[in-house]
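# Reading the structure
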Amino acid sequence: MSKNLEDRLIRILVGYVGLYPTLLIVLTLLKPITYDLSLPVVVLIETIILVPLTQMISFPLAGWLIKRLRKEERRS
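A brief structural summary. In every chain, residue numbers begin from 1 and rise along the written sequence. Under the rules for a predicted model, residues below a pLDDT of 70 receive no local features and side-chain atom pairs below 80 are neither given nor counted, while totals for whole chains, interfaces and linings still include all residues. Side-chain measures were taken over the full set of non-hydrogen atoms in the model, leaving aside hydrogen atoms and water.

### As for the side chain of S58
For clarity, the cut-off: Labels follow the DSSP assignment, with helices taken as runs of H or I lasting at least four residues and strands as runs of E lasting at least two, numbered in each case from the N terminus. Note on contacts: a residue pair qualifies if any of its non-hydrogen atoms lie within 4.5 Å across the two residues.
In this structure, S58 sits in helix α2 (residues 39-75). If near-sequence neighbours (up to four positions away) are discounted, S58 is found in contact with G18, T22 and L53.

As structure tokens, then:
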């Protein structure tokens, strides 16, 4: 597999690993607050919270985790 393709696939994997649990937690915590609001307002509120959270915490943490797992895989 080419290095460029491998880097892209790893970036996608980091996105999934970082986004899914963050999205699940935020949606669960906001549900009592947003249940009676219109969909555009709910999406706006969630986006305001999710973008900084994923960019500053989830994606870097997921990247670190994937990098660490890959190092362990190479040692084996």
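### Examining the packing of helix α1 (residues 3-34) against α2
Operational definition: Here an angle of 0 to 180 degrees is reported between the N-to-C directions of two axes, which are lines fitted to C-alpha atoms, with helices fitted over the stretch in contact. Oblique is the label for any angle not under 35 degrees, not over 145, and not in the 65 to 115 range, which are roughly parallel, roughly antiparallel and roughly perpendicular in turn. By definition, turning the near helix anticlockwise from the far helix through less than a right angle yields a left-handed crossing, and turning it clockwise yields a right-handed one.
At a minimum axis distance of 7 Å, the contact between α1 and α2 shows a crossing angle of 140°. Between α1 and α2, the interaxial angle falls into the category oblique. Relative to α2, α1 is oriented so that their crossing is right-handed.

### Thoughts on the pattern of salt bridges
Opposite charge on two side chains permits pairing when their charged atoms draw close. Put simply, the rule reads: In the sections that follow, a salt bridge refers to a side-chain nitrogen of Lys or Arg positioned within 4 Å of a carboxyl oxygen of Asp or Glu. Exposed residues in this analysis have more than 50% of their type's maximum accessible area, buried residues have under 20%, and partly exposed residues fall in between, with area computed by a 1.4 Å probe over protein chains only.
Applying the stated criterion to the full structure yields 2 salt bridges. With a shortest N-O distance of 3.4 Å, D7 and K3 are connected by a salt bridge. Of this pair, D7 and K3 are both found in helix α1, 4 residues apart, which corresponds to roughly one turn of the helix. For K3, a relative accessible area of 56% corresponds to the exposed category. Between R70 and E6 there is a salt bridge; the shortest N-O distance is 2.4 Å. Of this pair, R70 sits in helix α2 while E6 is found in helix α1, placing the two residues 64 residues apart along the sequence.

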